[in-house]
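Close look at the chain arrangement
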Amino acid sequence: MKILVPIKRVPDPYAKIRILPDGSGIDETGLKWEINPFDEIAVEEAVRTREAGKCEEVLVVSIGGTECQEQLRKALAIGADRALLIEHAGMLEPLDTARVLKAVFEREQPTVVLMGKQAIDDDFNQTGQMLAGLLGLPQATFASKIEWLNGEARVSREVDAGIETVRVKLPAVITTDLRLNEPRYVPLPGIIRARTKPLQTMSLQELGVNPTSLVQIIGMADPPTRPPGRKVSSVDELITALREEAKVL
């Protein structure tokens, strides 16, 4: 079995994000970048699968500039075998990202695409589903547990009513949720060894993909300040405020 894990470079989820004065984007001064947390969980699960003897190769892929090599090297330090960087400057919509990953899938022929359910910067939660649709493959989303069977995967996923279990035939696309695992701490020797692992770069032209983004970000702004709360002295005053001020009754 061969597992393809797409990863995305995103701001550190614990960092305070500042908007540029002109609203054109975020201020990247001193900003730390990481692997998207859901994607890092997918890398960890793929590496665990290989360590259990159920997978022969883990390939990680990212789309972006040369700065993405840092996140790819971290994935290699976690235990991935090989990395692929698809060079592209600028934003990609989920459908364009899915088209790029489709081309990578057709080139590499993995058994499974294991990826985070969404990225924490845009929260689209669309790429995995679109990729499965473009490839015509079965999909299992929001995986909190994965069991590899003979030519199938049994995936447990959290839904409003409890735990839903689905079985998909391989090849398939599976997206990961937070409860699937806890990524390991990468020690310094692992980081050093990762420098010797292969990291290939390709262009979109080599893959035969031409992005056709239709969405443009025209501005960013901080959310409005939440007004302070107010204490009321009685239930009658609360009902009056809800009816006459908030207009919810």
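Residues numbered from 1 in each chain as written. Predicted model: local features only at pLDDT ≥ 70, side-chain atom pairs only at ≥ 80, totals over all residues. Heavy atoms only, no water.

This brings us to the sheet that holds strand 10 (residues 172-176). Pairing is mixed across the open sheet formed by nine strands, whose spatial order is 9-8-7-10-6-1-4-5-11. With one partner strand each, in any of the chains shown, strand 9 (162-169) and strand 11 (199-203) form the two edges of the open sheet. The average undirected angle you get between the axes of adjacent strands in this sheet is 35 degrees. The pairing of strand 5 (residues 82-87) with strand 11 spans five bridges and is classified as parallel. Opposite Ile86, over in strand 11, you have Met202 as the bridge partner. On top of the sheet, helix 2 (residues 69-78) reaches strand 4 (57-64), strand 5 and strand 11; it is set at about 165 degrees to strand 5, its chief contact. Packing of helix 3 (residues 94-108) onto the sheet brings it into contact with strand 1 (2-6), strand 4, strand 5, strand 6 (112-116) and strand 11, and relative to strand 4 it is tilted by some 145 degrees. (Pairing = 2+ DSSP bridges. Helix = DSSP H or I, 4+ residues; strand = E, 2+ residues; numbered from the N terminus. Axes fitted to C-alpha atoms, helices over the stretch in contact; angles between N-to-C directions. Contact = heavy atoms within 4.5 Å.)

A few words now on the environment of Gln216. In this structure, Gln216 sits in the loop between helix 6 (204-207) and helix 7 (235-244). In this structure, the C-alpha to C-alpha distance between Gln216 and Glu93, residues 123 residues apart in sequence, is 9.6 Å.

We now examine the packing of aromatic side chains. Applying the stated criterion across every chain yields a total of zero aromatic pairs. Here Lys117 stacks its cationic end above the ring of Phe142, 5.3 Å away from the centre of that ring. (Phe/Tyr/Trp six-rings, centres within 6.5 Å; stacked < 30°, edge-to-face > 60°. Lys NZ or Arg CZ within 6 Å of the ring centre and 35° of its normal.)

Looking at the element boundaries, Arg99 is found in helix 3. A C-alpha to C-alpha distance of 16 Å links Arg99 and Val112, two positions 13 residues apart in sequence. Beyond its immediate chain neighbours, meaning those up to four positions away, Arg99 contacts Leu134, Val209 and Thr212. For Arg99, the side chain forms a polar contact with the side chain of Thr212, separated by 3.3 Å. (Polar contact = N/O pair within 3.5 Å; in protein donor to acceptor, adjacent residues only side chain to side chain.)

Attention shifts here to the pattern of salt bridges. In the structure shown here, the tally under the stated rule is 22 salt bridges. Put simply, Arg48 and Glu44 hold a salt bridge, and the shortest N to O gap is 2.7 Å. Of this pair, Arg48 and Glu44 both sit in helix 1 (residues 37-51), four residues apart, roughly one helical turn. Owing to a relative accessible area of 36%, Arg48 belongs among the partly exposed residues under this scheme. (Salt bridge = Lys/Arg side-chain N within 4 Å of Asp/Glu carboxyl O. Buried < 20%, exposed > 50% of the residue type's maximum accessible area, 1.4 Å probe, protein only.)

In terms of burial, strand 1 is a largely internal element, five of the five residues being buried. What you see with strand 1 is no split at all: Lys2, Leu4 and Pro6 on one side and Ile3 and Val5 on the other are buried throughout. The pairing of strand 1 with strand 4 spans five bridges and is classified as parallel. Of the residues in strand 4, the one forming a bridge with Ile3 is Val58.

So, on to the nonpolar core. The biggest cluster of nonpolar side chains holds 37 residues, and the ones touching the most others in it are Val5, Val43, Val60, Leu114 and Ile174. In this structure Ile174 touches Val112, Val113, Leu114, Met115, Ala140, Ala143, Ile146, Trp148, Ala153 and Val155, once residues within four positions along its chain are discounted. The next biggest cluster of nonpolar side chains, apart from the first, holds 23 residues, and it includes Ala103, Leu137, Val173 and Met202. (Core = buried A, V, L, I, M, F, W, Y, C linked by side-chain atoms within 4.5 Å.)

Our next topic: the pairing of strand 8 (residues 152-159). Note: strand 7 (residues 139-148) against strand 8, five bridges, orientation antiparallel. Within strand 8, the position partnered with Ala143 by the bridge is Arg157. Linkage of strand 7 to strand 8, two consecutive antiparallel strands, is achieved through a turn of three residues, within which Gly151 is found at a positive phi near 75 degrees. As defined by bridge partners, strand 8 adjoins strand 9 across eight bridges and the pair is classed as antiparallel. If you follow Glu158 over to strand 9, its bridge partner there is Ile163. Linking strand 8 to strand 9, which pair antiparallel, is a turn of two residues.

Once that is clear, we can look at the packing of helix 1 against helix 2. In the contact formed by helix 1 and helix 2, the axes pass within 9 Å of each other and the chain directions differ by 30 degrees. If you check the angle between helix 1 and helix 2, you find them roughly parallel. Relative to helix 2, helix 1 is oriented so that their crossing is right-handed. Across from Glu40, Val43, Glu44 and Val47 in helix 1, the residues of helix 2 making contact are Lys74, Ala75 and Ile78. Partitioning the contact of helix 1 with helix 2 into residue classes produces four nonpolar, no polar and three charged. (Parallel < 35°, antiparallel > 145°, perpendicular 65-115°, else oblique. Left-handed = near helix turned anticlockwise from the far one by under 90°. Nonpolar A, V, L, I, M, F, W, Y, C, P; charged D, E, K, R; others polar.)

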